[in-house]
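# Working through the structure, step by step
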Amino acid sequence: MPTFKTSGRSPELDVSVVIPLYNEEENIELLHNSLDEVLSKLGCEYEIIFIDDGSKDTTFKKLREIVDRDPHVRGIKFRANFGQSSATDAGFELARGEIIIVMDGDLQNDPRDIPKVLAKMEEGFDVVSGWRKDRKDKLLLRKVPSKIANRLICSVTRVDLHDTGCALKAYRHSVVKRINLYGELHRFLPALAKVEGARISEIPVNHHARKFGQSKYGISRTFKVIMDLISLNLFLKYLQRPIQFFGTIGTLFLICNFFGWIALFQGFARNVYGMEEFNLLITIIVLYLASGLQFLFLGLIASLIFITGKKKHVYLSSLIHKKLV
Ligand code: UDP
Ligand code: MG
C-alpha cells in the first residue's frame, strides 16, 4: 500500500474516514465492523472519526463502546442536532489523515469501495466523488429530484459530476482544511474544493437501500438545497471580491439619487413642483442615498470579513458537547 504523505505541513496519518451520525444506533456497530475489515487490510495508518450530530437514541453510547475498544476510532458528540454539514466540518477539523474520506453512517455507502477510491486518488486527484450508478432509493421521491438537483448544481458550480449527492467522497487534506461548511453546503463540497484549485474525478460505487433507521430528510430538502445553491452561486462569483457585488448595487442606487437631484433642480427652475411633489421627491432622493451608502458599506464590511477570515475552530468548538479522542 503506498503512502499519501505530501510535502508542507504534513498530516500524521494516511487516511481519515469521517462519518456523521444522527440516530444511527442500529447501523454504527455494523458499519464499524465493515470499516475495520476493509481498513485493516489496507496496510496504512488510518483513523475513523464518528460525529454524533446530537442523536436522541443510543448512538453515542455505542460510539463510546467502540472508541473504548478500537484505538483507531475517535468520536465527537454535538450538543444538539446541528446538521450533516456542521458534523462533516467538525470531522474535517479533527482529521489527521492526508486523505479524508467522507461517507454516510447508514450503510448506504459501502466501505468496500474505499480501496477503489484511494486508488483513484493515487492517480493524482484531489477529490474523488462516488457515483451511485445503480442507486437503491425511491424513484419519485429521491432519484428524480436528485437527478434534477444534480444538473442544476453542475450548471451553477461548473463541476461536471454524474452524482454530486453521493456521500462517499475522498479529499486531499490540503483542500478540505480551508473550507467552511454550513447549511446544506456539504452537498457542494466538490465545487468549494474547485475554488481551491482541486482536480476532481469520479468513480462508480455501490449503493444499498437503507435497512435500519430512517432517512433524515424529506422533500423539503430540495428547497433548502436550492437556497444554498443561490448563495453558493454568489459566493463562487464574488468570493474574493464582495465589494464588486454590493458595490454595483450601491452605485446603481447612487446613480438614481443623482438623477433625483437633477429632477428636483429642474422642477425648481421651471417652478413646476408643489409642496407635495417636493416632499415625495426629497423622500425618494434620501432613500436612494441611504440605500446606496448602505450597500457600499456592506461591501466594505464583507471584504473586511473575507480578509480577516473566520476563526473556524472557535465556532466549531462551541458545537461540541463531548470529545472521545
Ligand atoms: N445526518 C446527520 N445529521 C443530520 C442528518 C443526517 O449527521 O441532521 C447523517 C445521517 O446519520 C447519515 C448521513 O448524515 O449518516 C446521511 O443522512 P440520510 O441517510 O438520512 O440521508 P439520505 O441518504 O436519505 O440522503
Ligand atoms: Mg442515507
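Residues numbered from 1 in each chain as written. Chains lettered and ligands numbered in written order. Predicted model: local features only at pLDDT ≥ 70, side-chain atom pairs only at ≥ 80, totals over all residues. Heavy atoms only, no water.

### What about the packing of aromatic side chains?
Within this structure, the stated rule accounts for nine aromatic pairs. Ring centres 5.7 Å apart and planes at 75 degrees place the aromatic pair Phe 92 and Tyr 171 in the edge-to-face group. Pair noted here: Phe 92 is in helix α3 (residues 84–94) and Tyr 171 is in strand β6 (residues 169–172), with a separation of 79 residues, a long-range link. With respect to burial, Phe 92 and Tyr 171 carry one shared label: buried. Ring plane angle 20 degrees and centroid distance 6.1 Å describe the contact between Trp 261 and Phe 265, whose orientation is recorded as stacked. On the criterion of helical spacing, the pair formed by Trp 261 and Phe 265 is a turn pair, its members being four residues apart in helix α9 (residues 242–270). What makes Trp 261 partly exposed here is its relative accessible area of 36%. The exposed category is assigned to Phe 265, whose relative accessible area is 52%. Among the aromatic side chains, those forming a connected cluster through ring pairs are Tyr 238, Phe 245 and Phe 246. (Phe/Tyr/Trp six-rings, centres within 6.5 Å; stacked < 30°, edge-to-face > 60°. Helix = DSSP H or I, 4+ residues; strand = E, 2+ residues; numbered from the N terminus. Buried < 20%, exposed > 50% of the residue type's maximum accessible area, 1.4 Å probe, protein only.)

### Side note on the pattern of salt bridges
Applying the stated criterion to the full structure yields 19 salt bridges. Arg 210 serves as the salt-bridge partner of Asp 106, at 3.4 Å between the closest nitrogen and oxygen. In this pair, Asp 106 is assigned in the loop between β4 (97–102) and α4 (114–122) and Arg 210 in the loop between β7 (200–205) and α8 (220–238), connecting sequence segments 104 residues apart. One salt bridge in this structure joins Arg 172 and Asp 126, with 3.3 Å as the shortest N-O distance. Here Arg 172 is found in strand β6, whereas its partner Asp 126 is found in the loop between α4 and β5 (127–132), with 46 residues between them in sequence. On the accessibility criterion, Asp 126 (7% relative accessible area) is buried. Among the charged side chains, a network of salt bridges with common partners joins Glu 12, Glu 47, Arg 74 and Arg 96. (Salt bridge = Lys/Arg side-chain N within 4 Å of Asp/Glu carboxyl O.)

Function-wise, these values are silent; they only describe arrangement.
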